Amino acid sequence: MDTPATAAPRERPRPRAALAMRPDAAAAVLDPGALTALGAVCDLEPPPVLDDFTTARARAVLADVELLVTGWGCPPLDAAALAAAPRLRAVVHTAGTVRGHITEACWERGIEVSSAAAANALPVAEYTVAMILLSGKHALERAHALRASRRREESSLTAPGTGNYGRTVGILSASLIGRRVIELLRPYDMRVLLHDPYVSDAEAAALGVRPVGLGELFTRADVVSVHTPLLPATHGLVSRALLTSMRPDSVLINTARGAVVDQDALVDVVRARRVRAVLDVTEPDVLPPDHPLWECENALITPHLAGSQGNELRRLAELAVAEVTRWTAGDGFAHPVPRERMAFLA
């Protein structure tokens, strides 16, 4: 008796996908190689990208898409946008936070969400560790002194407050970035303290850090690095009392959000030369030209450059392509954004 031929496995249908972000964000993050890789696993809507969900073209595109690849400048996926996208099942974000475009309506629909926050965390953590090490050498202040005097300091070798051996670093929040900073600090001869009310003592031990209260973090650390997201509960969390309790000549590093810190209080302690500051974020994000922090020689203000820049954007694209590839194969996301974590994410 003849054995029936084995039926050939059915190929999974290729999902329809579109890009939703600012055109300049798409051009910066998704190079031709990334677009080719996306086109290999899904039917990708050709340019222009969607940056306004209310146009006639956007409505026509949304009517068929099952997947949106989003980025900086993506409009909110609110109830109206979702009503125009009845087949939408997943969103892959090529940047960090999804708070600007993922709404409650997305969760109610059951849309799966992925983010490249893990990829964006690494350059922020690298920036932070670099600033911890440079501040330990008093690099900013000594560069100013060298430029002013045009000669090397005679006493630099014996200055007791200079150096990184045995320094205590305080991490405010074990966020994705905070955890990467902890990881990158492991090779150095430093003590690492952590304040995060959502991290258990056992988890802190696994991270290799000592859990402490918020007040102790600020009074004991030589460097406090802020990694908490900006939420209603964390607005102004780094208060005047905490800033004035910091050790003389200690350093506050903020790569999170400017409004997490009481900036008026920070101005006072920096002006008094009690505390040094490294600020990649401020409130507002670009300070007015006459803001007093510009005149503080012991404050380093950088233009929100800690996150992915230049060739680091390729890391975001690679993660997003990998997530789309997994999802189209039916394997789910490696970097999902859970609904229950939205309240705690940056």
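Residues numbered from 1 in each chain as written. Predicted model: local features only at pLDDT ≥ 70, side-chain atom pairs only at ≥ 80, totals over all residues. Heavy atoms only, no water.

Draft legend 1. Representation of the pairing of strand β6 (residues 168–172) in the model. Taken across its five residues, β6 has five buried, putting it largely inside the fold. With burial as the criterion, each face of β6 is covered, one bearing Thr 168, Gly 170 and Leu 172 and the other bearing Val 169 and Ile 171. Taking the sense of rotation as the criterion, the β-α-β connection linking β6, helix α8 (residues 176–185) and strand β7 (residues 191–195) turns out right-handed. Here four bridges tie β6 to strand β9 (residues 223–226), and the two strands are oriented parallel to one another. From the neighbouring strand, Ile 171 faces β9, where its bridge partner is Ser 225. (Buried < 20%, exposed > 50% of the residue type's maximum accessible area, 1.4 Å probe, protein only. Helix = DSSP H or I, 4+ residues; strand = E, 2+ residues; numbered from the N terminus. Right-handed = clockwise from strand over helix to strand, strands pointing away. Pairing = 2+ DSSP bridges.)

Draft legend 2. Examining the sheet that holds β7 more closely. The strand order across the open sheet formed by seven strands is β8-β7-β6-β9-β10-β11-β12, and the pairing between neighbours is parallel. Of all the strands in the sheet, the pair left with one neighbour each is β8 (210–211) and β12 (299–301). When β7 meets β8, the two strands line up parallel, connected through two bridges. If you follow Leu 194 over to β8, its bridge partner there is Pro 211. Along the sheet, helix α6 (residues 117–136) makes contact with β6, β9, β10 (250–254), β11 (275–279) and β12, crossing β10 at roughly 165°. (Contact = heavy atoms within 4.5 Å. Axes fitted to C-alpha atoms, helices over the stretch in contact; angles between N-to-C directions.)

Draft legend 3. Representation of the domain arrangement of the chain in the model. Segmentation of the chain into domains returns domain 1 (16–110 + 310–337) and domain 2 (121–153 + 161–301). Look at where the C-alpha atoms of domain 1 and domain 2 centre, and you get two points 34 Å apart. Contact with domain 1, which involves four residues of that partner, is made by five residues of domain 2. Both sides together, the interface formed by domain 1 and domain 2 hides about 290 Å², and carbon and sulfur atoms give 51% of it. Of all residues in domain 1, the largest losses of buried area upon contact with domain 2 belong to Arg 99, Glu 312 and Arg 315, amounting jointly to 89% of the total for that side. The interface formed by domain 1 and domain 2 includes zero salt bridges. The interface formed by domain 1 and domain 2 includes zero residue pairs in polar contact (both at pLDDT 80 or more). A class-by-class count of the residues in the side of domain 1 that touches domain 2 yields no nonpolar, one polar and three charged. (Domains from an automatic or database assignment. Buried area = accessible area lost by both parts, 1.4 Å probe. Salt bridge = Lys/Arg side-chain N within 4 Å of Asp/Glu carboxyl O. Polar contact = N/O pair within 3.5 Å; in protein donor to acceptor, adjacent residues only side chain to side chain. Nonpolar A, V, L, I, M, F, W, Y, C, P; charged D, E, K, R; others polar.)

Draft legend 4. Structural detail: α8. Among the residues of α8, those classed as buried are Gly 178, Val 181, Ile 182 and Leu 185. Each buried residue of α8 sits inside an arc of 100° when the element is viewed along its axis, so together they form one side. (Arc of directions from axis to C-beta.)

Draft legend 5. Layout of unusual backbone geometry. Look at the link from Pro 47 to Pro 48: it is a cis peptide, with omega at 5°. With respect to the helices and strands, Pro 48 occurs in the loop between β2 (43–44) and α3 (56–62). Cis geometry marks the peptide bond from Glu 283 to Pro 284; its omega dihedral reads 0°. Here Pro 284 is to be found in the loop between β11 and β12. For His 138, which is not glycine, the phi dihedral falls at a positive 55°. Along the chain, His 138 turns up in the loop between α6 and α7 (139–149). Even without a glycine there, the phi angle at Asp 249 is positive, about 70°. Tracing the backbone shows Asp 249 in the loop between α11 (240–244) and β10. Under the relative-accessibility criterion, Asp 249 is labelled partly exposed at 34%.

Draft legend 6. Main features of the sheet that holds β2. Taken together, five strands build an open sheet; the order of strands is β2-β1-β3-β4-β5 and the sheet is parallel. Looking at which strands have only one partner, the edges of the open sheet turn out to be β2 and β5 (112–115). With two bridges connecting them, strand β1 (residues 16–20) and β2 associate as parallel partners. By the bridge assignment, Ala 17 is partnered in β2 with Leu 44. Where helix α13 (residues 313–328) meets the sheet, its contacts fall on β3 (67–70), β4 (90–93) and β5, and the angle it forms with β4 comes to roughly 160°.

Draft legend 7. Highlighting the side chain of His 93. As for its position among the elements, His 93 is in strand β4. The class for His 93 is buried, based on a relative accessible area of 3%. Engagement of the side chain of His 93 in a polar contact is seen with the backbone oxygen of Thr 97, the distance being 3.1 Å. Those residues within four positions of His 93 in sequence are excluded, and the remaining contacts are Thr 70, Gly 71, Trp 72, Val 98, His 101, Ser 114, Ser 115 and Ala 116.

Draft legend 8. Spatial organisation of the packing of α6 against α8. Following both chains from N to C, one finds α6 and α8 inclined at 50°, their axes separated by 8 Å at the closest point. When the interaxial angle is binned, α6 and α8 end up oblique. For the element pair α6 and α8, the recorded crossing hand is right-handed. Contacts between α6 and α8 involve Ala 117, Ala 118, Ala 121, Leu 122, Val 124, Ala 125, Glu 126, Thr 128, Val 129 and Ile 132 on the former and, on the latter, Leu 176, Ile 177, Arg 180, Val 181, Leu 184 and Leu 185. (Parallel < 35°, antiparallel > 145°, perpendicular 65-115°, else oblique. Left-handed = near helix turned anticlockwise from the far one by under 90°.)

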